[in-house]
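Listed here are the chains, written in short residue letters.
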Amino acid sequence: MAVGCGTKCAKSILISFNMLFWLSGGTLLVLGAWVFLDPAKAHLFHLVSASQAKRDVIYYLAYALLAIGGSILVIGFCGCCGALHERRCMIGTYVVFLLFLVAVEMGVAVITFVFREEFMEGLEARLSDQLVNKYGLDIANHYESNNVANKDFTTSVDFAQYRFNCCGMRNDSDYQQTKWWARGREKAGQAERPRNVPLTCCVLSNSEVSQTGSPISVVSRSFHGTTEEPWQSPQPKQEQACQDDNPRVHERLRYKQGCLLELVLWFRRESTVLVACCTSIAGLQLLGVVLSLCLCRNIAEDASA
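Basis of the calculations
Residues numbered from 1 in each chain as written. Predicted model: local features only at pLDDT ≥ 70, side-chain atom pairs only at ≥ 80, totals over all residues. Heavy atoms only, no water. Disulfide = S-S within 2.5 Å. Helix = DSSP H or I, 4+ residues; strand = E, 2+ residues; numbered from the N terminus. Buried < 20%, exposed > 50% of the residue type's maximum accessible area, 1.4 Å probe, protein only. Core = buried A, V, L, I, M, F, W, Y, C linked by side-chain atoms within 4.5 Å. Domains from an automatic or database assignment. Contact = heavy atoms within 4.5 Å.

Trainee: Tell me about the state of the cysteines, and name the residues and values.
Mentor: Scanning all chains against the criterion turns up 3 disulfides. Here Cys 167 pairs with Cys 201 through a disulfide, and the sulfurs are 2.2 Å apart. Between Cys 167 and Cys 201, the S-S dihedral sits near 85°, and the bridge is therefore right-handed. Of this pair, Cys 167 sits in the loop between α7 (147–164) and α8 (179–187) while Cys 201 sits in the loop between α8 and α9 (215–224); the two residues are 34 residues apart in sequence, bridging distant segments of the chain. In this structure, Cys 167 and Cys 201 share a single accessibility class: buried. For Cys 202, the disulfide goes to Cys 242, at an S-S distance of 1.9 Å. Across the disulfide from Cys 202 to Cys 242, rotation about the S-S bond amounts to roughly -85°, and the bridge is consequently left-handed. In this pair, Cys 202 is assigned in the loop between α8 and α9 and Cys 242 in helix α10 (residues 239–242), connecting sequence segments 40 residues apart. Here Cys 202 falls in the buried class, since its relative accessible area comes to 1%. What makes Cys 242 buried here is its relative accessible area of 1%. The connectivity of the disulfide bonds within the protein can be written as 1-6, 2-3, 4-5, using the sequence rank of each bonded cysteine.

And the structure:
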C-alpha cells in the first residue's frame, strides 16, 4: 500500500514538473522567434562579429532555440504519457532525451562563455577602421566597391547610435577622419553645408529608444507591417544646431559619447543571459531525470510486490 502511494506521489510530481518543462520549451520557442523578428540583435551582433561566419551565429542560435524548444514540448509529452500509464520504457526514453538536451544546453553555455572574449578581441581597432572606410559609402563611388557590406555596416552603426544615444566609436569626433566626412565636403556646394555627424547622432524628435527591441514593439511592428524605423529616417529636433562646429551650440542636441563601451556591455549582458538560461534549464531537466528515475524505481517495486 505504501509502495503504491509512493508511485502515485512520484507520478504527480513528475507530471507537475512537466508543466514547468513545457513552459521552458515555450519560452525558448518565443525567444527563437524573437531573434528572427527583432532587428536589434542582428544589427548589434553585426558590429561585434569580425567575420560573416560569426555574424551567422545569431541565426544558428535562433534555430537552436527553436529546435530545443520544440524538442522540449515533444519530450515533455512523452514523459507525461509514461508517467500516466506507468510505462518504464517511455520514461526511460524520456530520461535519455533529457540527458541529451542537458548536454546540448551545457555545450551552448560553455561555448558561449569560452568564445565570448574572442568576439571582443580587437573590437575597438576593427570598428574604428570600418567606420573610416565603410560608413556612409553604400552607393557606387570611387572609394568602395563592396556596397552591400558598406550598407549593412552603415545601418548597424545608425541603429547602435539610435539605440544607445551615442556617436561614433570613441566619440563624435571620429567622423572627422572618415571617408564619409571627406566625401560630404567634396560634394557640398557653396549653398549646402556638409554634415559633421550622421543624423542618428542628433537628438531626434521621432525617437522611441525605450521601446526599441522590446517584445511589444517587435510584435507590433511585425503585425502592422511597419518597415520604416526612426534610425532609418531620423528627424533631428534642430538639425542645423546639431551639425554646428561650436560645442556650445550642439551641446544638448548631439550625443558625444562613443558607442564602443555600450556595445561591449550589451554583448556581455546578452551572452551572460544566454549562459544563465541554458544552465537554468539544464538544471531543471536534471531534476526531471531524478524524478523520472524515482518513478521508475517505484513502478518496479510495485511490480515485484
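Trainee: Describe in detail the nonpolar core, supporting the description with residues and values.
Mentor: Across soluble globular proteins, you tend to see nonpolar side chains buried next to one another. In this structure, Leu 127, Val 157 and Tyr 175 are the most contacted members of the largest nonpolar core, which totals 41 residues. Those elements that provide at least two residues to this core are α2 (39–48), α4 (57–85), α5 (88–120), α6 (123–133), α7, α10 and α12 (260–304). At 6 residues, α7 tops the list of elements feeding residues into this core. Summarising the domain contributions, this core has at least three residues from each of domain 1 (5–108 + 283–304) and domain 2 (109–138 + 152–187 + 194–206 + 231–282). Those residues in contact with Leu 127 that lie beyond four places of it in its chain are Leu 47, Phe 153, Met 169, Leu 260 and Leu 263. Counting 20 residues, the second largest nonpolar core, distinct from the first, contains Ile 68, Ile 72, Ala 83 and Val 95.

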